[in-house]
Amino acid sequence: MCLDRGGDLASVAEPPIVGTDAVESLVTEFGIDDPEDSRVNCLLEGLRVARDLEADGEAVTVAVISGSGETVGVSRSVARQTEQLLSAHEPDSAIVVTDSTEDERLVPIIESRVAVDAVDRVVVRQARDIESTYYLLKQFLADEELRETVLVPIGAALLAMPILLLVVNSVTMALGAIAAAVGLLLLYKGLGIDEYVETLPGQIHNALYSGQVSLVTYVVAAGLGLIGLFVGALGVSATASDSVLILAMRFGFDAVPWLTAAALAASSGRLLDELLRRDGVRNAYLNLPFGVVAVGLVVRGVSGYFLERADVFASMSVSSVDLGIISIEGFTLTPGTRLAVFLIAGIVVSLVGVRFAAYFSETNIEEELVDERAAE
């Protein structure tokens, strides 16, 4: 079955056109009038498919269906011609030959009346790339989300370019500003920040009305995090060094205590919410505060080691302590010893967290077993 959505074939002969001789005559007559029309190739492809099937020993009938007018009129015309072919020839199945994506929209109408074994779309070889590009662009412009993601930034960049040139009077600065804005937009979409921002008001609303402790602790964590960034920036500005590594270590050394406190506040609030909302708590929530403190100790120790070796500040000294019976003389920790103390402290805190989480998990499992046995 060769499909013709435009209806031009109907001007040559009354559809449906059935039989190899009739289709060959149609190809000759229609091809002489317009040899550049792609429907000529569609008819020839239909004849080729029929010839190959006949060579395999199958009984084949070639037919051409043509419809014109509006969408509804074309669909009803195709449906009517298909029913005429089915009543006259009673085929077991059909192979549909088209010359464009537009014609393939009529395939479901045929599929609803007879089994379609294959859809063969023939494209003129010289125009294959052009037609494929055309339909890709058409599908792209039909997708609203893709238009908003791609066309809007490009249009905004093109509009911003002359304005920036008038303001800064520098092509380099204008291109840099546009590139930075487009990069931020791509990161905003690519990292899914837009989805998070879209759901954030609903999460805040639910947290306010459900009485979640984590809402308050998240605000506290945000404040402590800002303080940590500010303290780290102050430490960097007070460090007389041009080394990027030393400046980064100084920032981490000064900011880590505050950032650790911020993470500890956020994780503690989430843990309290889990304790209030359910009977048992997952190991991840129980171990998270200990993990945060352990990471903070390790980062503090490593950054302090680099700063001591770079003579940014002196080694750690412990003052003498006199408790009467027990007295401890003062001593100074070498950079390596100080690093080892912080690393060991981090590992110990992490192990304590693992044991703490395992203890509560075992307790919850035992309670659940007791409850199940009591229920039985």
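Not measured: the values here are computed from a predicted model.

## Focus: the nonpolar core
- Core analysis: the biggest nonpolar cluster contains 16 residues, and Met1, Leu3, Ile65, Val78, Val96, Leu106 and Ile110 have the highest contact counts within it.
- When residues of this core are assigned to their parent elements, the largest contribution, four residues, is made by helix α3 (residues 71-89).
- Excluding its chain neighbours within four sequence positions, the residues that come into contact with valine 96 are Met1, Leu3, Val107, Ile110, Val116, Ala118, Val119 and Asp120.

## Quick notes on a negative patch on the surface
- A surface patch of negative charge is lined by Glu29, Asp33, Asp34 and Glu36.
- Summarising the element assignment, aspartate 34 is placed in the loop between α1 (20-33) and α2 (38-55).
- The class for aspartate 34 is partly exposed, based on a relative accessible area of 33%.

## Description of the packing of α1 against α2
- Orientation of α1 relative to α2, taken along the N-to-C sense of each, is 160°, at an axis distance of 10 Å. Put simply, α1 runs roughly antiparallel to α2. Note that α1 runs across α2; the crossing there is left-handed. Counting all contacts with α1, which are made through Thr20, Val23, Glu24, Leu26, Val27, Phe30 and Gly31, the residues of α2 involved are Arg39, Val40, Leu43, Leu44 and Leu47.
- A breakdown of the residues in the contact of α1 with α2 according to their chemical character gives eight nonpolar, two polar and two charged.

## Overview of unusual backbone geometry
- A positive phi angle, close to 50°, is found at glutamate 90, a residue other than glycine.
- Along the polypeptide, glutamate 90 turns up in the loop between α3 and β4 (94-98).

## Points about a nonpolar patch on the surface
- On the surface, Leu184, Leu185, Leu187, Tyr188, Leu191, Ile193, Tyr196 and Val197 cluster together into a nonpolar patch covering about 750 Å² of accessible area.
- For the nonpolar patch, the secondary-structure elements that each account for two or more residues are α8 (171-190) and α9 (193-210).
- Per-element tally for the nonpolar patch: the top contributor is α8, with four residues.

Conventions adopted
- Residues numbered from 1 in each chain as written.
- Predicted model: local features only at pLDDT ≥ 70, side-chain atom pairs only at ≥ 80, totals over all residues.
- Heavy atoms only, no water.
- Core = buried A, V, L, I, M, F, W, Y, C linked by side-chain atoms within 4.5 Å.
- Buried < 20%, exposed > 50% of the residue type's maximum accessible area, 1.4 Å probe, protein only.
- Helix = DSSP H or I, 4+ residues; strand = E, 2+ residues; numbered from the N terminus.
- Contact = heavy atoms within 4.5 Å.
- Patch = residues over 30% accessible without salt bridge, like charges linked within 9 Å, V, L, I, M, F, W, Y side chains within 5 Å.
- Areas by Shrake-Rupley, 256 points an atom, 1.4 Å probe, with all protein chains shown as cover.
- Salt bridge = Lys/Arg side-chain N within 4 Å of Asp/Glu carboxyl O.
- Lys, Arg positive; Asp, Glu negative; His and termini not counted.
- Charge placed at Lys NZ, Arg CZ, Asp CG, Glu CD.
- Axes fitted to C-alpha atoms, helices over the stretch in contact; angles between N-to-C directions.
- Parallel < 35°, antiparallel > 145°, perpendicular 65-115°, else oblique.
- Left-handed = near helix turned anticlockwise from the far one by under 90°.
- Nonpolar A, V, L, I, M, F, W, Y, C, P; charged D, E, K, R; others polar.

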